[in-house]
Structure formats: structure tokens, C-alpha cells
Amino acid sequence: SDKIRLGLAQCVTRFGDREEENLDTAVRMISAASALNVDLLCFAENFPGPFTEINRYEVAEALHAAARESGVAVASGTSVPDSRRAGSYNIATVVVDEHGDVRGQYLRTHPVGPYIYREGPDWNFDYVESDAFPVIEMSWGKLAVSICSEVHLPEVSRILALKGAEVCLYPSGLLIHELGYTDTWRTLVRARAIENHMYTATLVNIMDQSVADGFAADSDGRPAGVTRGIGMICSPEHVLA
């Protein structure tokens, strides 16, 4: 098919003792995406987790089963052990197709570690960057992923485009709006679509206000209860959603 319906799942992300609830949320969102005839559903960076080196829990089996049962391809975020250095992790987006089969994964390449994941209260592990730029073959075409602040590096997106990517996902972490980056972020995601003639999309983890208050203060006020999202889908010509 030359058309797909892309969905972005900006979920309230739980941390600490409630972190494993993210998996239940992800499974529910996949089912909801099926009812909306979504072909590919993307989650934010590292969602549904795990987010720390201490609280490890299995997400693959449940996500693959949900994708298969719902007939929806899924790009989900997690952290995976790095085989090159004991005790270290990569940030990964794993892509499974509508049959629940793994089609590929992207491991964050920039910046060079260590990075913000170490010594945080809720997102904590020894991050080591990867060095590969895979393009993932889907039934409808070629998919790529570039994670969070890599959107600031046009070279990453250009490499993926030159390798044939038709859609590139930019799953992002958290606090982009609260730190005042939303306009810049959306401008960059649009630019990556325009300059590479590919479709692009971005989204972010949404946090409970009590968690967000521990990271940053918002100068212009936030909606009660949770932080704000940045979800957007772009074509080379204009913003689609």
C-alpha cells in the first residue's frame, strides 16, 4: 500500500513504584489504535520502559502479543543492555509489525555518553551510545527512527533518508514544553521532513504534575494534572496533524 495511518501515543508516563503500569497503558493504547484503523503506532522515548537499571521488567512479550492481536505495527521505547560494556544500556526503539514480529530496532547514537540518564530520580542507567543507522523494512515501505535531541543533528536524518527512509519517527523524552523547546522542536521536525522529502513525526512522554515539578518550573502555566505534549506529524509540504 502507498498509504498508512500513523498514530502517536502520548501517554502519561509513570515512574518509581508505578513504572510497570506503563506496560498496561501501552497494551491498552495498541488496542485503541486498532479501533481507529492505525497501521503504525509510535510511543515516546523509552516508553513503556524500563527506565532504570534497578527496576527491570519484561515488555517485549506483551507488546508483541498486543500488536499481533490488534493487527497494529508498533514502535516502542525501552532500554536494552549494551553488550560492549557490562552494566550499561542503550536507548532503543523496537519496531514490530502487525503480526507481532520484530522488524528491527534503532539504538540512540547521539550524544556520546554519559548523558542525562545517569543519577536521575526516575530515569537512571549508564547510557552508552550506538553507532548504527538502520532503516527498517515494513510491508508498506521503509521506516527510520531518530531519538529525541538527535533531531538537532541534520546529518542523522540525512543518513537515514539516503538509505531510503520514507517515514522517520522522532520519539522524544520529556519536559520539552516545560523547558521552552516546543516551537524549536516542531520547527526541526518540519525541517527534517522538508529537506529530506520524507514524512516525520514526534511525541513526548507526558508526566504527572507532581513528577514534573521535580524537574522544571513552567513560566506560562500548565494544565492541571499532567504536563503538555508536542505530538505532530509532518509531510514535506505541510503539517498533517
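The present account deals with the structure reproduced in this document. (Residues numbered from 1 in each chain as written. Predicted model: local features only at pLDDT ≥ 70, side-chain atom pairs only at ≥ 80, totals over all residues. Heavy atoms only, no water.)

**A short note on the overall build of the protein**
The following threshold applies: Helix and strand labels come from DSSP, where a helix needs a run of H or I of at least four residues and a strand needs a run of E of at least two; each type is numbered from the N terminus. It is over C-alpha atoms that the radius of gyration is taken, and the globule rule equals 2.2 Å times the number of residues to the power 0.38. We call a residue buried when its accessible area falls under 20% of the maximum for its residue type, exposed when it is over 50%, and partly exposed in between, using a 1.4 Å probe and counting protein chains only. Note on contacts: a residue pair qualifies if any of its non-hydrogen atoms lie within 4.5 Å across the two residues. Areas reported here follow the Shrake-Rupley algorithm with a probe of radius 1.4 Å; residue values treat only the protein chains shown as occluding. When charges are counted, neither His nor the chain ends are considered; positive counts come from Lys and Arg and negative counts from Asp and Glu. By convention, the point assigned to a charge is CZ for Arg, NZ for Lys, CD for Glu and CG for Asp.
Along its length, the protein carries five helices and 13 strands. Taking 241 residues into account, the globule formula puts the C-alpha radius of gyration at 18 Å, and the protein, at 17 Å, falls close to it. In terms of principal-axis extent, the alpha carbons of the protein reach across some 45 × 40 × 40 Å. Looking at the protein as a whole, 54% of its 241 residues are labelled buried. For the protein, contacts bridging at least 24 residues in sequence account for 68% of all contacts bridging at least 6. Total accessible area on the protein is roughly 10800 Å²; 51% of this is exposed by carbon and sulfur atoms. Of the side-chain charges in the protein, 20 are positive and 33 negative, and the distance between the mean point of each set is 4 Å.

**Here's the deal with helix α3 (residues 154-162)**
Put simply, the test is: It is the directions from the helix axis to the C-beta atoms that the arc portrays.
Taken together, the buried positions of α3 are Val156, Ser157, Leu160 and Ala161. The arc enclosing the buried residues of α3, seen along the axis, measures out at 130 degrees, which places them on a common side. Facing away from the buried side of α3 by more than 90 degrees, the exposed set consists of Glu155 and Leu162. Phi turns positive one or two residues past the end of α3, at Gly164, with a value near 105 degrees.

**Quick word on the pairing of strand β10 (residues 167-171)**
How we decide: Whether two strands pair comes down to DSSP finding at least two bridges between them. Looking down the strands as they point away from the viewer, one classifies a crossover as right-handed if the path from the first strand across the helix to the second runs clockwise.
Within β10, five of the five residues are buried, which leaves it mostly tucked inside the rest of the structure. Burial along β10 is two-sided: Val167, Leu169 and Pro171 facing one way and Cys168 and Tyr170 facing the other are all buried. Note that strand β9 (residues 142-145) and β10 share three bridges and pair parallel. Looking at β10, one finds that Val145 is bridged to Leu169. Following the chain from β9 across α3 to the adjacent parallel β10, one finds a crossover that is right-handed. Looking at chain direction, β10 and strand β11 (residues 199-203) are connected through five bridges and run parallel. In the sheet register, Cys168 faces β11, and the bridge partner there is Thr200. Following the chain from β10 across helix α4 (residues 182-196) to the adjacent parallel β11, one finds a crossover that is right-handed.

**Some details on the environment of Val80**
Along the polypeptide, Val80 turns up in strand β4 (residues 73-81). Beyond its immediate chain neighbours, meaning those up to four positions away, Val80 contacts Arg56, Ser88, Tyr89, Asn90, Ala92 and Leu107.

**Some points on the environment of Lys163**
Following the sequence through the fold, Lys163 ends up in the loop between α3 and β10. Residue Lys163 is classed as partly exposed on the basis of its relative accessible area, which comes to 43%. The sequence separation of Lys163 and Phe47 amounts to 116 residues, and the corresponding C-alpha distance is 26 Å. With sequence-adjacent residues up to four places away left out, Lys163 is seen in contact with Phe133, Pro134, Val135 and Lys142.

All we've got here are geometric facts, nothing functional implied.
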